[in-house]
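Residues per chain, in single letters:
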Amino acid sequence: MAQLLALHGPNLDLLGSREPGYYGHTTLAAIDAVLRGEAERAGHALSTFQSSAEHALIERIHAARHEGVAGIVFNPAGYTHTSVALRDALLAVAIPFVEVHLSNPQAREPFRRHSYFSDIAVGTVAGFGAESYRLGLLGLLAHLARAA
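These lines cover the structure that appears in this document, whether it is placed above or below. (Residues numbered from 1 in each chain as written. Predicted model: local features only at pLDDT ≥ 70, side-chain atom pairs only at ≥ 80, totals over all residues. Heavy atoms only, no water.)

### Observations concerning the packing of helix α3 (residues 54-67) against helix α4 (residues 84-93)
Put simply, the rule reads: To obtain each axis, a line is fitted to C-alpha atoms, and for helices this fit is confined to the stretch in contact; angles are then taken between N-to-C directions over 0 to 180 degrees. In this description a helix means any DSSP run of H or I spanning at least four residues, a strand means any run of E spanning at least two, and both kinds are numbered starting from the N terminus. Working rule for angles: under 35 degrees goes down as roughly parallel, over 145 as roughly antiparallel, 65 to 115 as roughly perpendicular, anything else as oblique. Contact definition: two residues touch when any of their heavy atoms are within 4.5 Å. Think of it as three bins: nonpolar holds Ala, Val, Leu, Ile, Met, Phe, Trp, Tyr, Cys and Pro, charged holds Asp, Glu, Lys and Arg, and polar takes everything else, Gly as well.
Put simply, α3 and α4 touch, their axes get as near as 9 Å, and they point 5° apart. Compared by their axis directions, α3 and α4 come out roughly parallel. Listed contacts from α4 to E54, L57, I58, I61, H62 and R65 of α3 are A85, L86, A89, L90, A92 and V93. The residue inventory of the contact of α3 with α4, partitioned by class, reads nine nonpolar, one polar and two charged.

Take a look at the structure:
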């Protein structure tokens, strides 16, 4: 049984009410419940963490290494386009991760089209709303199974 982590960036605690045209009506709690269920069905445990504070996300990534986390599903949200520090934290811990986005950043404002994470992620899933998380987790599980 592997320990997995779903990591949610800034403003994702507002899901369900925040800009539903982009992000839908599903709450973060509902997304986390789906992810936990998928992980459990696959024989794994999944913990979740959300913060709008960059340093808290970095500290959680660092802690994941010491906890033996095997893989991360990560929605960096607004930090996707700005955070070299989060990128460096993920590189430092060397835990495989999948980058997920509810909306499709490539179909939005030009500044959203650059990610500091896509090139170091196992894969990226975007544009499928809350389903992006589930698809990202399934991709991560497949990657971990191949690597075992």
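Moving on, there is more to tell.
### Some points on helix α5 (residues 131-147)
Going by this rule: For a helix, the expected span equals 1.5 Å multiplied by the residue count minus one. Throughout, exposure labels follow a simple rule: accessible area from a 1.4 Å probe, protein chains only, divided by the maximum for the residue type, with under 20% read as buried, over 50% as exposed, and the rest as partly exposed.
Compared with the 24 Å implied by 1.5 Å per residue over 17 residues, the 24 Å span of α5 between its first and last C-alpha is a close match. Turning to α5, its buried residues are S132, Y133, G136, L137, L140, L141 and L144. Buried residues along α5 sit in contact with β1 (3-8), α2 (28-41), β2 (45-50), β3 (69-75), β4 (97-101) and β5 (123-126).

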